[in-house]
Amino acid sequence: MLYNGEMEVPISQFRKNLFQLVNRAFEGTDVWVLHNGRRFKIAPDPKPGSRLSRISRLDIMNPNDSGRPSLLEEMTRAWESDWSDL
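Since we're looking at a predicted model, the values are computed, not measured.

Peer 1: Residues and numbers for the sheet that holds strand 2 (residues 30-35), please.
Peer 2: Read across the sheet, three strands follow the order 1-2-3 without closing on themselves; strand pairing throughout is mixed. The open sheet is flanked by strand 1 (6-10) and strand 3 (38-42), the only strands paired with a single partner. Across the sheet, the mean angle from the axis of one strand to that of its neighbour is 30°, orientation sign disregarded. In the sheet, strand 2 pairs with strand 3 via five bridges, with the strands oriented antiparallel.

Peer 1: Can you tell me about the pairing of strand 1, naming the residues and giving the values?
Peer 2: The alternating pattern of strand 1 places Met 7 and Val 9 on a buried face, while none of Glu 6, Glu 8 and Pro 10, on the opposite face, is buried. Bridge analysis of strand 1 against strand 2 gives five bridges, and the strand direction is parallel. Opposite Val 9, over in strand 2, you have Val 33 as the bridge partner.

What counts, and at which threshold
- Residues numbered from 1 in each chain as written.
- Predicted model: local features only at pLDDT ≥ 70, side-chain atom pairs only at ≥ 80, totals over all residues.
- Heavy atoms only, no water.
- Pairing = 2+ DSSP bridges.
- Helix = DSSP H or I, 4+ residues; strand = E, 2+ residues; numbered from the N terminus.
- Axes fitted to C-alpha atoms, helices over the stretch in contact; angles between N-to-C directions.
- Buried < 20%, exposed > 50% of the residue type's maximum accessible area, 1.4 Å probe, protein only.

Next up, the structure:
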């Protein structure tokens, strides 16, 4: 086990001390679990930013776009092709 701001534990010890190790990760310690020769890092999600920073872009379809078929036409075509296969 390492204790210099980072710790590595075998999977068996991780199972025994799950809650303590997760709390250590919350406190900022890098917790690594070793299983079958591979290392896995236990880390909390970063703190969420403001609500504004979490907004994702929304693609909006323009119903007046004459270059594309209307949504109703697309849905009708898809519906007809689904039912024609039966």
